[in-house]
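Chain by chain, the residues run as shown.
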Amino acid sequence: MGKLTVHALRAVLVVMLAGGVFVQALMVWALATDPEDGTLPLTPLRVIVILGGATLQVVLVCVWRLVAMVRRGTVFSHAAFQYVDVVIGAVVAAALLWFALAALLASGPEMEPPGILAMGGIGVAILGVALIVLVLRMLLAQAVARDVEATRMQAELDEVI
């Protein structure tokens, strides 16, 4: 992975992390100061947004760590699995939060059935991302297994020579 690619990805990660923290801070501040007007239960909405931002931040930190591992050439190790597993869990949590948001909005009079259906579709798409990361985890497992096997075979070859 080139230095320019790493720096560009890290810049994007920093901007996304800062934006997420900013939105979370606004939601926490709104929870503490803004009274509800009764049209929509804003407190659960804000809590969902805060938790959703936390799932995004967890994913961003794990991606940062994986990029660091790629840069060092250590991504094909068992240590990478913990970060990938956390990403999968965070994406699943984000999907569950999205479904909770959809249920919350569906309970109000503002949401029409096509909107509810669209939100359900987006939730399924978020779960699809978790499945894609799971497939990528399986590919990583195969690569790690082949790397371990190649190292073992190289050691045997070194003993013979």
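Residues numbered from 1 in each chain as written. Predicted model: local features only at pLDDT ≥ 70, side-chain atom pairs only at ≥ 80, totals over all residues. Heavy atoms only, no water.

### Notes on the environment of Met119
(1) Moving on: Structurally, Met119 is set in helix 4 (residues 113-160).
(2) Moving on: The exposure class assigned to Met119 is buried, which follows from its relative accessible area of 9%.
(3) Moving on: Distance in space between the C-alpha atoms of Met119 and Leu96 is 12 Å, their sequence separation being 23 residues. (Helix = DSSP H or I, 4+ residues; strand = E, 2+ residues; numbered from the N terminus. Buried < 20%, exposed > 50% of the residue type's maximum accessible area, 1.4 Å probe, protein only.)

### Description of the layout of surface pockets
(1) Moving on: The computed volume of the largest pocket comes to approximately 340 Å³.
(2) Moving on: As for the largest pocket, its lining consists of 14 residues, and the residues nearest its centre are Leu66, Val75, Val84, Leu136 and Leu140.
(3) Moving on: At the level of elements, helix 2 (42-72), helix 3 (79-106) and helix 4 are the ones that each hand at least two residues to the lining of the largest pocket.
(4) Moving on: Broken down by element, the residue count for the lining of the largest pocket peaks at five residues, all from helix 4.
(5) Moving on: Grouping the constituent residues of the lining of the largest pocket by class yields 13 nonpolar, no polar and one charged. (1 Å grid on protein atoms, 1.4 Å probe; cavity = no way out; pocket = protein on both sides within 12 Å on 5 of 7 lines; lining within 4 Å. Points joined across faces, edges and corners; volume = space filled by probe spheres on them. Nonpolar A, V, L, I, M, F, W, Y, C, P; charged D, E, K, R; others polar.)

### Quick notes on the packing of aromatic side chains
Here a ring pair, both rings aromatic, is described through the centre-centre distance and the interplanar angle of the planes.
(1) Moving on: For the structure shown, the criterion picks out zero aromatic pairs.
(2) Moving on: It is Arg10 that lies over the ring of Trp64; its NZ or CZ is 4.9 Å from the centre. (Phe/Tyr/Trp six-rings, centres within 6.5 Å; stacked < 30°, edge-to-face > 60°. Lys NZ or Arg CZ within 6 Å of the ring centre and 35° of its normal.)

### Looking at the packing of helix 2 against helix 3
(1) Moving on: Two elements in contact, helix 2 and helix 3, have axes separated by 9 Å at closest approach and are oriented at 160°. Classed by the angle they form, the pair helix 2 and helix 3 counts as roughly antiparallel. Classified by chirality, the crossing of helix 3 by helix 2 is left-handed.
(2) Moving on: Of the residues that constitute the contact of helix 2 with helix 3, the class distribution is 23 nonpolar, two polar and one charged. (Axes fitted to C-alpha atoms, helices over the stretch in contact; angles between N-to-C directions. Parallel < 35°, antiparallel > 145°, perpendicular 65-115°, else oblique. Left-handed = near helix turned anticlockwise from the far one by under 90°.)

### With respect to a nonpolar patch on the surface
(1) Moving on: A cluster of nonpolar residues, Leu131, Ile132, Leu134, Val135, Leu136, Met138 and Leu139, forms a patch on the protein surface that exposes about 660 Å² of accessible area.
(2) Moving on: Positionally, Leu131 belongs in helix 4.
(3) Moving on: Accessibility expressed as a relative area gives 55% for Leu131, which makes it exposed. (Patch = residues over 30% accessible without salt bridge, like charges linked within 9 Å, V, L, I, M, F, W, Y side chains within 5 Å. Areas by Shrake-Rupley, 256 points an atom, 1.4 Å probe, with all protein chains shown as cover. Salt bridge = Lys/Arg side-chain N within 4 Å of Asp/Glu carboxyl O.)

### A closer look at helix 4
(1) Moving on: Spanning 48 residues, helix 4 covers 71 Å between terminal C-alpha atoms, matching the ideal 70 Å at 1.5 Å per step.
(2) Moving on: Of all the residues in helix 4, the buried ones are Met119, Gly123, Ala130, Val133, Leu140 and Val144.
(3) Moving on: Buried residues along helix 4 sit in contact with helix 3. (Expected span 1.5 Å × (residues − 1). Contact = heavy atoms within 4.5 Å.)

### Brief notes about the side chain of Gln57
(1) Moving on: Considering the arrangement of structural elements, one finds Gln57 in helix 2.
(2) Moving on: Not counting chain neighbours up to four residues away, the residues in contact with Gln57 comprise Leu17, Gly20, Val21 and Gln24.

### Quick word on the pattern of salt bridges
(1) Moving on: Scanning the model with the defined rule gives three salt bridges in all.
(2) Moving on: Linking Glu149 and Arg152 is a salt bridge whose minimum nitrogen-to-oxygen distance equals 2.2 Å. Here the residue Glu149 and the residue Arg152 both occupy positions in helix 4, the gap between them amounting to three residues, near one helical turn.
(3) Moving on: In this structure, the salt-bridge partner of Glu156 is Arg152, at a minimum N-O distance of 2.3 Å. Placement of both Glu156 and Arg152 in helix 4 is noted, with a separation of four residues, approximately one turn of the helix.
(4) Moving on: Residue Arg152 is classed as partly exposed on the basis of its relative accessible area of 38%.
(5) Moving on: Within this structure, Glu149, Arg152 and Glu156 form a network of salt bridges that share partners.

Purely spatial values, then, with no claim about function.
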